Amino acid sequence: MGRKKFVVGNWKMNGSIEENQSLFDGLLSAKGIESVDIAVCVPSPYFFQARGALSGTAISWGAQNVSEQDSGAYTGEISAKMLVDLGAEIGLVGHSERRSMFGESSGLVGKKAMKLIEFGISPVVCVGETLEHRKSKKTLEVMSSQLKAVIDQIGLENLGNIVLAYEPVWAIGTGLTASPEQAQEVHSHLRQQVRLLDVEASRELRILYGGSVKPDNAEALFGQEDVDGGLIGGASLNLIDFLTICRAAVNATTH
Ligand code: PGA
């Protein structure tokens, strides 16, 4: 059995009760997407709405960030325990917007991933290089070091509990996308790094691509051997676009 494709919407700081509801309704009534896993990461004020609309359905939901702490005087933070209490199934950690705008280091990202694992939530661990890294041919080196920092925190025994997302920083929200070949090169490198530590985990590990995935480029990306789906920002806010991307994952599975 191959790895089941996974398409995750990252709504970022967008949405309203009304807009969210129409996305939830549209996703729940869509046909022909049962063969792929689908999730949406919603802003925290809408966790209750996501729980009401999606719990017990085929669509999962999750958070875009989590605290590495358990509880206490951390104003504005959200704990993994709260997420579990609400029924969240996944959580993004290490998104490049958090790394660059909120100063999150790879070590902190690893701690957050571990906290989610402790509470039975799958972390979607984002890694990605900047344009400078790519230009100076440091992409694979940077990927290895971001991945290692996370594995150092979660331990080899948890390699089977994470999803990875390769998100080149230069491709996020810019309309520039990694070519299918560029994505495959990095995904295969990441899988190889995991294979050196645990062959079985490397076979099962799902590695998503993120960065300007759109209806017209999704199928070519998802058709690459080591690309197991996508992390979708802008296009996940448009029902038709997001569903088209989910169907591209279905097509890439069957071809
Ligand atoms: P984008 O965002 O699809 O809008 O480029 C992807 C992401 O940041 O997860």
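We now turn to the structure provided with this report. (Residues numbered from 1 in each chain as written. Predicted model: local features only at pLDDT ≥ 70, side-chain atom pairs only at ≥ 80, totals over all residues. Heavy atoms only, no water.)

**Let's talk about the overall build of the protein chain**
Line of reasoning, step 1. Assigned secondary structure in the protein chain consists of eleven helices and eight strands.
Line of reasoning, step 2. The C-alpha radius of gyration of the protein chain comes to 17 Å, within 12% of the 18 Å expected for a compact globule of 255 residues.
Line of reasoning, step 3. C-alpha extents for the protein chain along the principal axes are approximately 50 × 45 × 35 Å.
Line of reasoning, step 4. Here the protein chain holds 255 residues, and 52% of them are scored as buried. (Helix = DSSP H or I, 4+ residues; strand = E, 2+ residues; numbered from the N terminus. Rg over C-alpha atoms; globule rule 2.2 N^0.38 Å. Buried < 20%, exposed > 50% of the residue type's maximum accessible area, 1.4 Å probe, protein only.)

**Structural notes on the layout of surface pockets**
Line of reasoning, step 1. Roughly 640 Å³ of volume is contained in the largest pocket.
Line of reasoning, step 2. Taken together, 26 residues line the largest pocket, and the ones lying closest to its centre are Met13, Gln64, Asn65, Arg98 and Phe102.
Line of reasoning, step 3. For the lining of the largest pocket, the secondary structure elements donating two or more residues are helix H4 (96-101) and helix H5 (106-118).
Line of reasoning, step 4. At three residues, the largest contribution of residues to the lining of the largest pocket is made by H4.
Line of reasoning, step 5. Looking at the lining of the largest pocket residue by residue, the classes come out as twelve nonpolar, seven polar and seven charged. (1 Å grid on protein atoms, 1.4 Å probe; cavity = no way out; pocket = protein on both sides within 12 Å on 5 of 7 lines; lining within 4 Å. Points joined across faces, edges and corners; volume = space filled by probe spheres on them. Nonpolar A, V, L, I, M, F, W, Y, C, P; charged D, E, K, R; others polar.)

**Topic: the packing of H5 against helix H7 (residues 139-154)**
Line of reasoning, step 1. Put simply, H5 and H7 touch, their axes get as near as 8 Å, and they point 45° apart. For the element pair H5 / H7, the angle class is oblique. With respect to the hand of their crossing, H5 and H7 are arranged in right-handed fashion. Of the residues in H7, those in contact with Ser106, Gly107, Val109, Gly110, Lys111, Ala113, Met114 and Ile117 of H5 are Gln146, Ala149, Val150, Gln153 and Ile154.
Line of reasoning, step 2. Residues that form the contact of H5 with H7 fall into these classes: seven nonpolar, five polar and one charged. (Axes fitted to C-alpha atoms, helices over the stretch in contact; angles between N-to-C directions. Parallel < 35°, antiparallel > 145°, perpendicular 65-115°, else oblique. Left-handed = near helix turned anticlockwise from the far one by under 90°. Contact = heavy atoms within 4.5 Å.)

**Side note on the packing of aromatic side chains**
Line of reasoning, step 1. Applying the stated criterion to the full structure yields three aromatic pairs.
Line of reasoning, step 2. Seen from their ring centres, phenylalanine 47 and tryptophan 61 are 5.4 Å apart, and the 45° between their planes marks the pair as tilted. Placement of phenylalanine 47 in helix H2 (residues 47-54) and of tryptophan 61 in strand E3 (residues 59-63) is noted, with a sequence separation of 14 residues between them.
Line of reasoning, step 3. A residue is classified by how much of its surface remains accessible, and phenylalanine 47, at 6% relative accessible area, is buried.
Line of reasoning, step 4. We classify tryptophan 61 as buried; its relative accessible area is 1%. (Phe/Tyr/Trp six-rings, centres within 6.5 Å; stacked < 30°, edge-to-face > 60°.)

**Quick look at the site of the ligand**
Line of reasoning, step 1. The environment of the ligand is formed by Asn10, Lys12, His95, Glu167, Ala171, Ile172, Gly173, Gly211, Ser212, Leu231, Gly233 and Gly234.
Line of reasoning, step 2. At 2.7 Å, a backbone N or O of serine 212 approaches an oxygen atom of the ligand.
Line of reasoning, step 3. Protein chains shield 97% of the accessible area of the ligand, which is 280 Å² for the free molecule.
Line of reasoning, step 4. In the shell around the ligand, the residues fall into three nonpolar, seven polar and two charged. (Near = heavy atom within 4 Å. Polar contact = N/O pair within 3.5 Å; in protein donor to acceptor, adjacent residues only side chain to side chain. Areas by Shrake-Rupley, 256 points an atom, 1.4 Å probe, with all protein chains shown as cover.)

**Focus on a nonpolar patch on the surface**
Line of reasoning, step 1. A grouping of Leu156, Leu196 and Leu197 is seen on the molecular surface, where their side chains present a nonpolar patch of about 300 Å² in accessible area.
Line of reasoning, step 2. Within the element layout of this structure, leucine 197 appears in the loop between helix H8 (180-195) and helix H9 (199-204). (Patch = residues over 30% accessible without salt bridge, like charges linked within 9 Å, V, L, I, M, F, W, Y side chains within 5 Å. Salt bridge = Lys/Arg side-chain N within 4 Å of Asp/Glu carboxyl O.)

**Quick word on the environment of proline 168**
Line of reasoning, step 1. The residue proline 168 is located in the loop between strand E6 (163-166) and H8 in this model.
Line of reasoning, step 2. With residues near it in sequence (within four places) discarded, proline 168 still touches Gly128, Glu129, Ala178, Tyr209 and Gly210.

**Remarks on the pairing of strand E7 (residues 206-210)**
Both faces of the sheet carry side chains from a regular strand, because those side chains alternate between them.
Line of reasoning, step 1. Burial within E7 is extensive, with five of its five residues counted as buried.
Line of reasoning, step 2. Neither face of E7 is open: one carries Arg206, Leu208 and Gly210, the other Ile207 and Tyr209, and all of them are buried.
Line of reasoning, step 3. As judged from the four bridges shared by E6 and E7, these two strands associate in the parallel manner. In the sheet register, tyrosine 166 faces E7, and the bridge partner there is tyrosine 209.
Line of reasoning, step 4. By the bridge criterion, two bridges tie E7 to strand E8 (residues 229-232) in an arrangement that is parallel. By the bridge assignment for E8, glycine 210 is matched with leucine 231. (Pairing = 2+ DSSP bridges.)

**As for the pairing of strand E1 (residues 6-10)**
Line of reasoning, step 1. A large share of E1 lies buried, amounting to five of its five residues.
Line of reasoning, step 2. The side-chain alternation of E1 yields two buried faces, one formed by Phe6, Val8 and Asn10 and the other by Val7 and Gly9.
Line of reasoning, step 3. The sheet contact formed by E1 and strand E2 (residues 37-41) spans five bridges and is parallel. Looking at E2, one finds that asparagine 10 is bridged to cysteine 41.
Line of reasoning, step 4. For the handedness criterion, the β-α-β arrangement of E1, helix H1 (residues 17-29) and E2 is classed as right-handed. (Right-handed = clockwise from strand over helix to strand, strands pointing away.)

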